[in-house]
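Residue-level listing of the chains:
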Amino acid sequence: MTSPNAIFTELVATTFRKHSKEIKDNVSLHHALLSRLVKKGQIRHEDGGLTIAEPLDYANNSTYQRYSGYDVLNIGASDVISAAEYQWRQIAINVVASGLELRTNSGDARIINLVKARTKNAIRTFKNNFSLDLYSNGTLPNQIGGLQAIVADNGSGVIGGIDSSQWAFWANQVQSAAAPLQGGGAITPSAATMESLMLPLYLNLTRNDDQPDLIVADINYYTFFEQSQTSIKRYMDKDTADAGFLSLKYKKADVLFDGNSGIPANHMYFLNTDYLSLVAHKDADMTVMDEMKPYNQDAAVVPVLWMGNMTASNRHLQGVLKA
């Protein structure tokens, strides 16, 4: 006779393996930033390495040359691409049931319901905490480096092993209401002043056709922006609206409210998501592992693992608007 532990473990494993796409969609498609990275193909898998190497794109190719006839062409090496190195970060969430729960739910219908409940809880817990990590500054032990690290309030920091205090190209842009980019005195954020804060930052982040494509805001700054657009509101595409996001347009960028996600208060991030990625190890992307049996407990533990990090290949084209 198959034990309740074995049935529980097999059902959990089958659920994650058979429905892996739906589970990942459940995690990603209801988080504004993560949803955009998925949509643009900025989620990728790596198969190993001591670190995650992210090639950088921060300078022009110096061999661009106008020439005529037999002019000697410039074939010198161009120092255009180097790499940032991001550390692997690991997350585990366990689907757990005690021996008592397993034996009292040993009928087919009961064990299936137990597995559904525990799996649903694990997915919801992962989604909520991963959202907080994506906006984090990465200072908690083993935490990924989120937006507060990559797009820092002071524009600086050592990200991907590169110190922006030594390499100016690696500093992100900052628009502070207390000390505006455009000069002059402090500006109090409000519906009347929001666009005067947004425009200088947007222009600073525009390089020909490279422009911010996503702006995510907390409840205060999103409210100010929407109130400023009362007579000229432009809503964004149907797919994003269908995902449940409160969203508008600013120039070519989608402006999304991402409240209760971990975004800090009084912040608005201007992102060029062509240069942001979420990298996961191919063998640990919400991957279910074999059951672990506690030696001193009557329980079944099925670990689900994720391993990776959030990366940037160009910080200079990312910006933050803050108080």
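Residues numbered from 1 in each chain as written. Predicted model: local features only at pLDDT ≥ 70, side-chain atom pairs only at ≥ 80, totals over all residues. Heavy atoms only, no water.

## Considerations on a nonpolar patch on the surface
Selection criterion: Patch building starts from residues that exceed 30% relative accessible area and form no salt bridge, then joins like charges within 9 Å and nonpolar side chains (Val, Leu, Ile, Met, Phe, Trp, Tyr) within 5 Å. Here the accessible surface of atoms and residues is derived via Shrake-Rupley with a 1.4 Å probe, and residues count as covered only by protein chains that are part of the display. The term salt bridge refers to a side-chain nitrogen of Lys or Arg lying within 4 Å of a carboxyl oxygen of Asp or Glu. We count a stretch as a helix when DSSP gives it H or I for four or more residues in a row; a strand needs E for two or more, and each element gets its number in order from the N terminus. Relative accessibility decides the category of a residue: with a 1.4 Å probe and only protein chains considered, values under 20% of the type maximum give buried, values over 50% give exposed, and everything between is partly exposed.
Taken together, the side chains of L29, V38 and I43 define a hydrophobic patch exposed on the protein surface, amounting to about 190 Å² of accessible area. Looking at where L29 falls in the secondary structure, it is placed in the loop between helix 2 (20-28) and helix 3 (32-39). Take L29: its relative accessible area is 31%, and that puts it in the partly exposed class.

## Section: the sheet that holds strand 9 (residues 247-250)
We count it as follows: Any two strands with at least two DSSP bridges between them are considered paired. Only the contacting stretch of a helix is used when fitting its axis, a line to C-alpha atoms as for every element, and angles between N-to-C directions run 0 to 180 degrees.
Taken in spatial order, the 6 strands of this open sheet run 7-14-11-8-10-9, and their pairing is mixed. Single-partner strands in this sheet number two, and they are strand 7 (173-176) and strand 9. On average, each strand axis in the sheet is inclined to that of its neighbour by 20 degrees, with strand direction left out of account. By the bridge criterion, 4 bridges tie strand 11 (residues 267-271) to strand 14 (residues 319-322) in an arrangement that is antiparallel. Residue pairing in the sheet places Y269 in a bridge with V320 of strand 14.

## Description of the packing of aromatic side chains
Selection rule: Any Phe, Tyr or Trp ring, taking Trp's six-membered ring, that has another such ring centre within 6.5 Å forms a pair; planes under 30 degrees apart are called stacked, those over 60 apart edge-to-face, and the others tilted.
Taken as a whole and judged by the stated rule, the model has 9 aromatic pairs. When the ring of Y202 is compared with that of Y250, the centres are 5.6 Å apart and the planes differ by 85 degrees; the resulting orientation is edge-to-face. Of this pair, Y202 sits in helix 7 (residues 194-204) while Y250 sits in strand 9; the two residues are 48 residues apart in sequence, bridging distant segments of the chain. Across the pair, Y250 and Y202 agree in class, each one buried. Counting every residue linked through ring pairs, the aromatic cluster contains F126, F130 and W306.

## A short note on the packing of helix 7 against helix 8 (residues 219-228)
Put simply, the rule is: An angle below 35 degrees is read as roughly parallel, one above 145 as roughly antiparallel, one from 65 to 115 as roughly perpendicular, and any other as oblique. The contact definition used throughout considers only heavy atoms, calling two residues in contact when any of these lie within 4.5 Å. All amino acids are sorted into three groups, where Ala, Val, Leu, Ile, Met, Phe, Trp, Tyr, Cys and Pro are nonpolar, Asp, Glu, Lys and Arg are charged, and the leftover types, Gly among them, are polar.
Where helix 7 contacts helix 8, the axes come no closer than 9 Å and their chain directions differ by 105 degrees. Considering their axes alone, helix 7 and helix 8 lie roughly perpendicular with respect to each other. From helix 7, M194, E195 and M198 reach across to helix 8, where they touch Y221, F224, F225 and S228. A breakdown of the residues in the contact of helix 7 with helix 8 according to their chemical character gives 5 nonpolar, 1 polar and 1 charged.

## What to know about unusual backbone geometry
Not every positive phi belongs to a glycine, and K251 is a case in point at roughly 55 degrees. Along the chain, K251 falls in the loop between strand 9 and strand 10 (253-257). On the basis of relative accessible area, K251 is assigned to the partly exposed category, the value being 39%. The phi dihedral of M286 is positive, around 55 degrees, even though this residue is not glycine. Locating M286 in the fold gives a position in strand 12 (residues 276-288). Taking the relative accessible area as the measure of exposure, M286 reaches 10% and is therefore buried.

## Some words on the pattern of salt bridges
Where charged atoms from two side chains of opposite charge approach closely, those side chains can pair. Following the criterion strictly, the structure yields 12 salt bridges and no others. Among the salt bridges present, the one from R36 reaches D254, with a minimum N-O distance of 2.4 Å. Of the two residues, R36 sits in helix 3 while D254 sits in strand 10, which places them 218 residues apart along the sequence. Each member of the pair, R36 together with D254, is buried. In this structure, K40 engages D213 in a salt bridge whose closest nitrogen and oxygen atoms are separated by 3.7 Å. Pair noted here: K40 is in the loop between helix 3 and strand 1 (43-46) and D213 is in the loop between helix 7 and strand 8 (214-217), with a separation of 173 residues, a long-range link. For D213, a relative accessible area of 12% translates into the label buried.

## Focus: helix 8
Put simply, the test is: Each direction from the helix axis to a C-beta atom contributes to the arc, which is the arc of those directions.
Turning to helix 8, its buried residues are Y221, Y222 and F225. Buried residues of helix 8, seen end-on, are gathered within an arc of 100 degrees and therefore sit on one face of the element. Close packing links the buried residues of helix 8 with helix 7, strand 8, strand 9, strand 10, strand 11 and strand 14.

## Some details on the packing of helix 2 against helix 5 (residues 108-134)
What counts here: Each crossing gets its handedness from the near helix: less than a right angle anticlockwise from the far helix is left-handed, clockwise is right-handed.
Viewed as axis vectors pointing N to C, helix 2 and helix 5 meet at an angle of 40 degrees, and their least axial separation amounts to 9 Å. One element, helix 2, and the other, helix 5, form an angle in the oblique class. You can see that helix 2 and helix 5 cross each other, and the crossing is right-handed. Residue-level contacts link I23, N26 and V27 of helix 2 to I123, F126, K127 and F130 of helix 5. Grouping the constituent residues of the contact of helix 2 with helix 5 by class yields 5 nonpolar, 1 polar and 1 charged.

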